[in-house]
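Observations on the model geometry
Chain by chain, the residues:
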Amino acid sequence: MNDLTICVLAYADDIALIADTPQNLQKLISLMHTWCNKWRFIINPSKSNIVHFRNPPKAQTGFKFTLGNTGVDLKVVESYKYLGVVLDQYLTFNNATQILGNAAGRALGGMINKYKSMREMGYSTYSKLFYAMVTPVMDYGSAVWGTKSFDNLDSVFNRAQRFFTGVHKFCPIDGFSGDMGWVSNRVRWKLDVLRLWNRLLGTDKNRLVYKVFRWDITCHNNDNKSNFAANVKQIMCEIKMKNAYKDLTIVNIENAQKSLMEKLESEWQSSVQKKVKLELYSAIKCNYGVEKYLLLNMDKYEKSLLSQLRYGILPIRIESGRFTNEKREERLCTLCDTNTVESVEHFLFECEAYDAQRLTFVSNAQCVIDDWENLTQTECLKSLFNVMPRALGRYVKDIFLYRRDKIYK
């Protein structure tokens, strides 16, 4: 690294030897073995492995590494855990994130057990538990590897949101993620990368970590290498702070988070507009952020029904007809004689089977919501979610249970 040769990293009781060729690494191992013999240390060969870091096309080394003159061979392995992070031979971090995802899944399971033991839990409590119990496990080392997406970690994140909103695993992700309003994995990881950048800039210039940091920047600037500096530069370009990289200045994390969340909201809105299932949802939901009905201490089943209704997965004919390959215009309501498709609007505002329940509900809505008679059905539904979500939840529960009893009994 410039005029500095780094061949050993020592942290607490852990030693990592680094070399650019198998022969040089063998010299280091032999030197270490000689020192250990002098001071009567015994090396455990089962805990000492070799990893050949390289690009995928290159074959793994066939060199035989031995522990001094003992004749004991050291294994060449595909990955190795160092300071809690699994480093694989191609530095893809797939193994590392797989292990973190499994651990985060167990942490989420423990959190869900707490939720069930309490019977009910509010949005703020649930969110605080998630960010205290799950994300520290899921985000370990993300300042280094957090510039890409990893499906196994995203699945843990989505599972936590699905559980709280009460929807199944086939629910459109854009629906419940938009209503929960959580900071996404990608945004959190990018912020972690920027925090590491800030910390490295403030590090003593005589420390090895700072020298490696500056060397990394030089490698990218001179040879356009894909490394940590390249990832930081990409993030800064994304949030329009490229000068911070050029001038090596500290990034304002609050401003960075605001920019990243604005980009997340823009991408979310674009994705929602493309999904047919979220047609109603896109009409009643404008901004990425927590919905009012999730903030209320509602009955869990009512909250689940409202979520399903919003995301287009409530099991009425417009949804269930998909599973029998019915055309959209053939998914007619079976409880009334209007020969109308059983859509969410028909289910809530038109079907004659629920006239008794609807009369009381609409009368209350007219007293609370201004100009009710002149609003479209979509505007009425949007107003109901904003103004009287509790009453809407009870109404949906009443008519849905009535529908289920009529159809299946």
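Residues numbered from 1 in each chain as written. Predicted model: local features only at pLDDT ≥ 70, side-chain atom pairs only at ≥ 80, totals over all residues. Heavy atoms only, no water.

1. Side note on the overall build of the chain
Helix and strand counts for the chain stand at 20 helices and 8 strands. Here the C-alpha radius of gyration of the chain, 29 Å, is well above what a compact globule of 409 residues would show, namely 22 Å. Taken along the three principal axes of its C-alpha coordinates, the chain extends 90 × 50 × 40 Å. The proportion of buried residues among the 409 residues of the chain is 43%. Taking all contacts inside the chain whose residues are at least 6 apart in sequence as the whole, residues at least 24 apart take part in 62%. Each charge class in the chain was averaged separately, 56 positive and 43 negative side chains, and the resulting centres sit 9 Å apart. (Helix = DSSP H or I, 4+ residues; strand = E, 2+ residues; numbered from the N terminus. Rg over C-alpha atoms; globule rule 2.2 N^0.38 Å. Buried < 20%, exposed > 50% of the residue type's maximum accessible area, 1.4 Å probe, protein only. Contact = heavy atoms within 4.5 Å. Lys, Arg positive; Asp, Glu negative; His and termini not counted. Charge placed at Lys NZ, Arg CZ, Asp CG, Glu CD.)

2. Some points on the layout of surface pockets
Estimates place the volume of the second largest pocket at around 480 Å³. Together, 21 residues line the second largest pocket, and Ser-184, Asn-185, Arg-186, Leu-264 and Glu-267 are the ones closest to its centre. Within the residue set of the lining of the second largest pocket, elements represented by two or more residues are helix H6 (151-165), helix H7 (173-180), helix H8 (185-201) and helix H12 (253-274). At 6 residues, the largest contribution of residues to the lining of the second largest pocket is made by H12. Split into classes, the residues belonging to the lining of the second largest pocket amount to 7 nonpolar, 7 polar and 7 charged. (1 Å grid on protein atoms, 1.4 Å probe; cavity = no way out; pocket = protein on both sides within 12 Å on 5 of 7 lines; lining within 4 Å. Points joined across faces, edges and corners; volume = space filled by probe spheres on them. Nonpolar A, V, L, I, M, F, W, Y, C, P; charged D, E, K, R; others polar.)

3. What to know about the pattern of salt bridges
Within the structure shown, the criterion is met by 16 salt bridges. A salt bridge links Glu-326 to Arg-317, with the shortest nitrogen-to-oxygen separation between them at 2.8 Å. With a relative accessible area of 17%, Arg-317 lands in the buried category. Between Glu-319 and Arg-322 there is a salt bridge, with its nearest N and O atoms 3.0 Å apart. Classification of Glu-319 as buried rests on a relative accessible area of 7%. Counted as one network, the salt bridges with shared partners bring together Asp-179, Lys-285, Glu-291 and Arg-310. (Salt bridge = Lys/Arg side-chain N within 4 Å of Asp/Glu carboxyl O.)

4. Quick look at the side chain of Lys-190
Position of Lys-190 relative to the elements: it lies in helix H8. Residue class for Lys-190 comes out buried when judged on its relative accessible area of 10%. When near neighbours in sequence (up to four residues on either side) are disregarded, Lys-190 contacts Gly-146, Ile-235, Glu-238 and Leu-260.

5. Section: the pairing of strand E1 (residues 8-11)
Both E1 and strand E2 (residues 14-17) contribute to a ladder of 4 bridges, which runs antiparallel. Considered in E2, the bridge of Ala-10 is made with Ile-15. The loop that links E1 with its antiparallel partner E2 comprises 2 residues; one of these, Ala-12, has a positive phi angle of about 55°. (Pairing = 2+ DSSP bridges.)

6. Digging into the packing of aromatic side chains
Pairs of aromatic rings are described using the distance from one ring centre to the other and the angle between the two planes. All told, the structure shown has 28 aromatic pairs when counted by the stated rule. Between Phe-63 and Phe-65 the ring centres are 4.9 Å apart and the planes differ by 55°, which places this aromatic pair in the tilted class. Both rings, one in Trp-268 and one in Tyr-288, keep their centres 5.7 Å apart while their planes meet at 80°; by these two values the pair is edge-to-face. Here Trp-268 is found in helix H12, whereas its partner Tyr-288 is found in the loop between helix H13 (279-284) and helix H14 (292-295), with 20 residues between them in sequence. Overall, the relative accessible area of 5% leaves Trp-268 in the buried class. Of the aromatic side chains, those joined through ring pairs into one cluster are Tyr-115, Tyr-123, Tyr-126, Phe-130, Tyr-131, Phe-157, Phe-163, Phe-164 and Trp-182. Above the plane of the ring of Phe-385 lies Arg-310, whose end atom (NZ or CZ) is 4.6 Å from the centre. If you follow Arg-322 out to its NZ or CZ, it ends over the ring of Phe-323, 4.9 Å from the centre. (Phe/Tyr/Trp six-rings, centres within 6.5 Å; stacked < 30°, edge-to-face > 60°. Lys NZ or Arg CZ within 6 Å of the ring centre and 35° of its normal.)

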